[in-house]
Amino acid sequence: MKKGEIGEGIIQKVEFPNKCIVLTEDGEKVIVKNGVAGQRVRFSIQKKRNGKCEGRLLEVLEKSPLEMEKTACEHFGSCGGCTYQNLNYEQQIRLKESQVKEMLLAVVKAPDHTWFEGIKPSPLPFGYRNKMEFSFGDEYKDGPLALGMHRRGSFYDIVTVDHCVITDEDYNQILKTTCAYFSNEQVSYFKKNSHIGYLRHLLVRKAAKTGEILIDLITTTQSCGTKSEPELLEGFQKTLLQLQLKGNIVGILHTKNDSVADAVKNEGTEILYGQEYFYEELLGLKFKISTFSFFQTNSLGAEVLYKTVREYLKTPEDGKAGVIYDLYSGTGTIAQMMAPAAKKVIGVEIVEEAVQAARENAKLNGLDNCEFIAGDVLKVLETINERPDMIILDPPREGVHPKALKKILDYGVDRMVYISCKPTSLVRDLEVMQECGYCVVRGGCVDLFPGTYHVETICLLSRIK
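So, here is what we can say about the structure in this document. What you are looking at is a predicted structure, and each value in this text was computed from that prediction instead of being measured. (Residues numbered from 1 in each chain as written. Predicted model: local features only at pLDDT ≥ 70, side-chain atom pairs only at ≥ 80, totals over all residues. Heavy atoms only, no water.)

### What about the pattern of salt bridges?
Then step 1. Tallied over the full model, the rule gives 27 salt bridges.
Then step 2. The salt bridge partner of K344 is E386, with a shortest N-O separation of 2.7 Å. Of the two residues, K344 sits in strand β17 (residues 344-349) while E386 sits in the loop between α7 (377-380) and β19 (390-393), which places them 42 residues apart along the sequence.
Then step 3. A residue is classified by how much of its surface remains accessible, and E386, at 31% relative accessible area, is partly exposed.
Then step 4. Measuring nitrogen to oxygen at the nearest pair gives 3.1 Å for the salt bridge that ties R428 to D429. (Salt bridge = Lys/Arg side-chain N within 4 Å of Asp/Glu carboxyl O. Helix = DSSP H or I, 4+ residues; strand = E, 2+ residues; numbered from the N terminus. Buried < 20%, exposed > 50% of the residue type's maximum accessible area, 1.4 Å probe, protein only.)

Below you can see the structure in the form of structure tokens.
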């Protein structure tokens, strides 16, 4: 097939991440996205290189036997946020488990497959998210104001996802109210081409345990229309506070962002109402979370993940585990989960704000054996005097830097836990770790992202004596 050509075929298999292998009637294989095994699809060829074809899915001609008659979310297909709302949850986790297992078995050197323990589902398949970043725009060129997620396959169009199923009803109410308010006030949104406009994003965070809600409106510093900005924002605040929500709004913020990049960036935040943080609880510990702090987006799923970490390391209850390194520690949630069982936990994180939050949360929870250091793992390791007895790795999506991984392996600890939100990065690093004298003794997945193709993978590695 040639670039630009239209073809048809059946999806034979879906590989991580969202990589659908289509087999045409002529026996050619084409890679597309956003499909399900068993679907008959029409596609257009976008790229052909070294005999491999990549295409864009145009239409599903016949449903897969795996699909539900009716999708779980009315926005599925138009919204680009979810991939698998046309599959029931059992099918979703079965697919993710098979994808991760296939990748790991290809590299893990073990005499059998008993080390792989499958996948642990999210306690909530719907309404699980504790954070959403919505974008302002329009659903079509020069259309009415929209607020929600990018349309699938589009950089410009926005779908107003006011019935999203991975959030609870409070999010949907806040979204609809915000969109209606600024639409009535005839306020413009920031256009990506001309870089003109006021409204950019709406960030909403809600704690699963405490029900506390934090709302942040992100705008440019340009003109906001006929009203003055203070008057407009005061009306916005009052409108939100009149909502009858299940949760409790503890803070309404306004963040300025004049960057041309289509991302939430903090160039100054003011408090319109309440406070700039909220509290969440995980496994009996309390965490203070600010607007831009990293925190797992699925609170109940995070509890499953952290319980698994504790189980893998088999730490005692009397604080005899020695020194534990929590590398890429974020806001220190894992470090604080491990602290009661350790002599000391040392967390290293490059984001200064996250480190400050980790220190505050450790103090909040009465944990005096946690130390959090701001800096790059590669450089910070050279400055720590205490050698670790165990190491926990929870790196960003690209995995551990090769030079940092070598330093980590040189400690020669008996046990390490590696947590990954991108299994392909984990697979790459596991090959190096095995070459350096470690073996995988336990492994599996925890689904923190129902409806999407994302999944957390966790492996326990032991040093070969």
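### What about the pairing of strand β8 (residues 145-150)?
Then step 1. Alignment of strand β7 (residues 131-138) against β8, held across four bridges, turns out to be antiparallel. Bridging across to β8, D138 finds its partner in L145.
Then step 2. The loop that links β7 with its antiparallel partner β8 comprises six residues; one of these, D142, has a positive phi angle of about 65 degrees.
Then step 3. Pairing between β8 and strand β9 (residues 158-159): two bridges, direction antiparallel. By the bridge assignment for β9, H150 is matched with I158. (Pairing = 2+ DSSP bridges.)

### Some thoughts on the sheet that holds β8
Then step 1. Strand order in this open sheet of seven strands is β9-β8-β7-β10-β11-β12-β13, and the pairing throughout is mixed. A single partner strand is all that each edge strand has here, and the edge strands are β9 and β13 (269-274).
Then step 2. For strand β11 (residues 212-219) and strand β12 (residues 248-256), the ladder comprises eight bridges, and the chain directions are parallel. In the sheet register, I215 faces β12, and the bridge partner there is I252.

### Looking at the sheet that holds strand β16 (residues 323-327)
Then step 1. Spatial ordering of the open sheet is given by β6-β21-β22-β20-β19-β16-β17-β18, a layout of eight strands whose pairing is mixed. Strand pairing shows two members of the sheet lacking a second neighbour, β6 (116-120) and β18 (370-374), which therefore form its edges. Sheet twist, expressed as the average angle between the axes of neighbouring strands with direction ignored, equals 15 degrees.
Then step 2. With five bridges joining them, β17 and β18 adopt parallel strand pairing. Pairing of V345 across the sheet is with C370, part of β18.
Then step 3. With respect to the sheet, helix α6 (residues 352-364) is in contact with β17 and β18, its orientation differing from that of β18 by roughly 165 degrees. (Axes fitted to C-alpha atoms, helices over the stretch in contact; angles between N-to-C directions. Contact = heavy atoms within 4.5 Å.)

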